[in-house]
Amino acid sequence: MNHPDRHTRRVVEPAGRAVPNNAAQHAVQNNAVQNAVQKHVAEKHVVQKRKEKNVKLRWGALTLAGVLALAACGAESGAPSAKAGADGGGDGGSLVWAVETQPITFNPHQWGQNKARLLVHNQFDALIARGVNGEFLPWLATSWKVSEDGLTYTFELRDDVTFHDGEKFDAASVKANLDQLVAPGYNAALSAIQLRNFEKAEATAPYTLKVTLKAPDGLFLDFLSSPYAGQVSPKSLKNAKDLKAGGVDVVGTGPFILDRFTPGQEVHYKRNPDYKWPPTGAAHQGPAHLAEITYRFLSEAAVRVGALTSGQVQVIEGVPATEIGLIKSDPELKLETSLNSGSAFSYYFNVSRPPFDDKRVREAFRDAVDVDAVLNSVYQGTAKRAWSVIGQGSPQFYDPSLEKTFGNNPERANRLLDEAGWKERDAEGFRVKDGKRLTVRTVNAAPFVRDRRDVLAQAVQAAVKQSAGIDFQVKIVDQGTAQKAVEDNEYEVFENSRGDTDAGAALNLILAKDAAINRTKFGSAELDKLLADASAASDVAKRKELYAKVQKTVITDEALLLPLYVPADQVAYSASVTGITFEPVSGTPNSAYDIRIGT
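Since the model is a prediction, treat every value here as computed from it, not as a measurement. (Residues numbered from 1 in each chain as written. Predicted model: local features only at pLDDT ≥ 70, side-chain atom pairs only at ≥ 80, totals over all residues. Heavy atoms only, no water.)

Engineer: Can you help me understand the sheet that holds strand 19 (residues 436-437) in this one?
Structural biologist: Sheet strands line up and pair through hydrogen bonds in the backbone, either parallel or antiparallel. Strand order in this open sheet of three strands is 17-18-19, and the pairing throughout is antiparallel. Sheet topology places strand 17 (424-425) and strand 19 at the edges, where each strand pairs with a single neighbour. As paired elements, strand 18 (residues 431-433) and strand 19 share two bridges and run antiparallel to each other. Residue pairing in the sheet places Val432 in a bridge with Arg437 of strand 19. (Pairing = 2+ DSSP bridges. Helix = DSSP H or I, 4+ residues; strand = E, 2+ residues; numbered from the N terminus.)

Engineer: When you look at the packing of aromatic side chains in this model, what are you seeing that I'm missing?
Structural biologist: Geometry of an aromatic ring pair is reported as the spacing of the ring centres plus the angle between the planes. Under the defined criterion, the tally for this structure stands at 21 aromatic pairs. Ring centres of Trp111 and Tyr228 lie 5.1 Å apart, and the angle between their planes is 70°; on these two criteria the pair is classed as edge-to-face. With Trp111 in the loop between strand 3 (94-99) and helix 5 (117-123) and Tyr228 in the loop between helix 8 (220-224) and helix 9 (234-239), this residue pair connects regions lying 117 residues apart in the sequence. Under the relative-accessibility criterion, Trp111 is labelled buried at 8%. For Tyr228, a relative accessible area of 7% translates into the label buried. (Phe/Tyr/Trp six-rings, centres within 6.5 Å; stacked < 30°, edge-to-face > 60°. Buried < 20%, exposed > 50% of the residue type's maximum accessible area, 1.4 Å probe, protein only.)

Engineer: For this particular structure, what's the right way to read the pairing of strand 9 (residues 208-213)?
Structural biologist: Regular strands place their side chains on alternate faces of the sheet. Extensive coverage of strand 9 is indicated by the burial of five of its six residues. Bridge analysis of strand 7 (residues 152-157) against strand 9 gives five bridges, and the strand direction is antiparallel. Its bridge partner being in strand 9, Thr154 is matched across the sheet by Lys210. Two strands pair when backbone bridges link them, and strand 8 (residues 198-205) and strand 9 are joined in this way by six bridges, in the antiparallel orientation. Looking across to strand 9, one finds that Lys200 is bridged to Thr212. Once strand 8 ends, the chain turns through two residues before running back antiparallel as strand 9.

Engineer: Would you mind showing me how to read the pairing of strand 22 (residues 493-496) here?
Structural biologist: Side-chain alternation along strand 22 places Val493 and Glu495 on one buried face and Phe494 and Asn496 on a second face that is also buried. Where strand 15 (residues 345-349) lies against strand 22, four bridges are found, and the strand directions are antiparallel. In the sheet register, Ser346 faces strand 22, and the bridge partner there is Asn496.

Engineer: What exactly am I supposed to notice about unusual backbone geometry here?
Structural biologist: Across residues other than glycine, the phi torsion is negative in most instances, and most of the peptide bonds are trans. Across the junction of Pro354 and Pro355, the peptide omega takes the value 0°, indicating a cis bond. Within the element layout of this structure, Pro355 appears in the loop between strand 15 and helix 12 (359-367). Positioned with a positive phi, Asn408 is a non-glycine residue whose angle comes to about 55°. Its location among the elements puts Asn408 in the loop between strand 16 (384-385) and helix 14 (410-419). Phi is positive for Asn489, close to 55°, though the residue is something other than glycine.

Engineer: Help me out: how do you make sense of the packing of helix 12 against helix 14 in this one?
Structural biologist: Packed helices, taken two at a time, are described by the angle between their axes plus the distance between the axes. Where helix 12 meets helix 14, the axes come as close as 8 Å, and the angle between the chain directions of the two elements is 155°. Between helix 12 and helix 14, the angle falls in the class roughly antiparallel. The handedness of the crossing between helix 12 and helix 14 is left-handed. Counting all contacts with helix 12, which are made through Arg360, Val361, Glu363, Ala364 and Asp367, the residues of helix 14 involved are Pro410, Arg412, Ala413, Leu416, Leu417 and Glu419. Of the residues that constitute the contact of helix 12 with helix 14, the class distribution is six nonpolar, no polar and five charged. (Axes fitted to C-alpha atoms, helices over the stretch in contact; angles between N-to-C directions. Parallel < 35°, antiparallel > 145°, perpendicular 65-115°, else oblique. Left-handed = near helix turned anticlockwise from the far one by under 90°. Contact = heavy atoms within 4.5 Å. Nonpolar A, V, L, I, M, F, W, Y, C, P; charged D, E, K, R; others polar.)

Engineer: Teacher, can you tell me more about helix 16 (residues 479-487) here?
Structural biologist: Working note: α-helix, 3.6 residues per turn, so residues spaced by three or four point in the same direction. If you check which residues of helix 16 are buried, you get Ala482, Ala485 and Val486. When helix 16 is viewed along its axis, its buried side chains cluster within an angular range of 100° and face the same direction. Close packing links the buried residues of helix 16 with strand 20 (439-445) and strand 21 (471-477). The N-capping residue of helix 16, defined by a side-chain oxygen 3.0 Å from the backbone nitrogen of Gly480, is Asp478. Remark: Asn489 follows helix 16 within two positions and exhibits a positive phi of approximately 55°. (Arc of directions from axis to C-beta. Polar contact = N/O pair within 3.5 Å; in protein donor to acceptor, adjacent residues only side chain to side chain.)

Engineer: Can you walk me through the pattern of salt bridges in this structure?
Structural biologist: Where charged atoms from two side chains of opposite charge approach closely, those side chains can pair. Counted by the stated rule, this structure contains 29 salt bridges. Here Arg353 makes a salt bridge to Glu492, at a shortest N to O gap of 2.8 Å. Note that Arg353 is positioned in the loop between strand 15 and helix 12 and Glu492 in the loop between helix 16 and strand 22, a separation of 139 residues in sequence. One salt bridge connects Glu490 with Arg441, and the closest N-O pair in it is separated by 3.1 Å. (Salt bridge = Lys/Arg side-chain N within 4 Å of Asp/Glu carboxyl O.)

What follows is the structure in structure tokens.
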């Protein structure tokens, strides 16, 4: 953190309002942040930390609505309880997993929520897998060759794979998937970014596929290993009632078959008895151990934890910092965490409209926040501080030289805002210029709010008001309202993180001038060239050099964003459950293929 001057002094503003130095401001800001967090937590639920003897009391303390909802899930769907599954032992049995977020789609081609990634590979397989060191490994494709010019990829495919509907997996089915992915109106963002260099696919033999690119693309194999490349039955592509939304009639080749979805409650999968084509590196061969698995949608952290400690479910993801001590104190529970790859969770500044069209205001917003204090208040020391658009979960491209080069400097923040003309204050202490308050807004779609980001936003809101007089307004709305705000350019802050296995894919979607989710509205031919050159390069060292320049541009030179934390997955589960692992590159939970109950 920056502390350019540790001597005690006071800066007097034109309105006569005294602004303390950094150290004093620190204490005030910490109090403001803490108060904001405490207020929110009090409104949501009372955090109760109990030892092992009091674990059962947690369930009784949960909100009545949460308990009734959980009971309704089991009653209406007939989902087996965790304890019933535990009695199965060995192969077979049932598992219930409580998740934070309900997927907005079950079609892998439309996937966009990192929290829903663990569901994709239950039902769908990709052509390529990833190894523990990030290497590409065979899956549905047994081998591949790349031409010297990088324009032609030839894949040899497995000949023993079938889709859940009985359709044969072959070169023609892969071609159908690639053609669908670039079909007009299907997934415009993916077509324009990840598959922008795709020219055509040809089935040159029943199990041989030739793909031709328009230009070399160092990210193409990464794409083929991503959830987006999950293979969908050609019959589903043609006949599904709602292809984009997915569901029971959008089928894949995976180890589980989706057979029931109750919106707002749960999704249920049954074992695919014919499965015998797991990715290289899987812990076993043949069908999955579990006979069935139910994922229950429990958005409230306290309800998820209570469901686990009471035995209503066996696994939960999204363990809040306030409950980690409870989990660790219980010898019958286990906890695993993993940093996610891709971009860090950041606040991106919309430079196309005031006040963030002024770089000084962007820098002031960043300097007004003591990110470490905010994160500690919200996550109690469990969050990894981010310093760049790329998170530390992608170490091959992360630039550590950016650490401690910005932020936590209220004195500088106030000086910059004075220079930008925001010198006056209104009755509530917010800065004003030409009769207009210094207001910035963030509008978030509820399905994408995870990791207590609503609480985090309130903490940042308190910090920027207290430190610099900035009015940060936070709105959580439905998807349609959020999309309209984007289309109407009625926002100043865009919150985002992406879990792409190759961070370059995330940068292409967020930073390029015409990128699908470039919400900063910043455009630069130089930046676009850096991104394009890095994507085309196959040499990792060269790509790292180029991405270092990208990071310097957006963080140091242009101050386009405030990085906050590196997303991570936390999974807590009963000690009777084994086989829970994380994908080696993305850091997200693996599918349920290797999970079993007992040893």
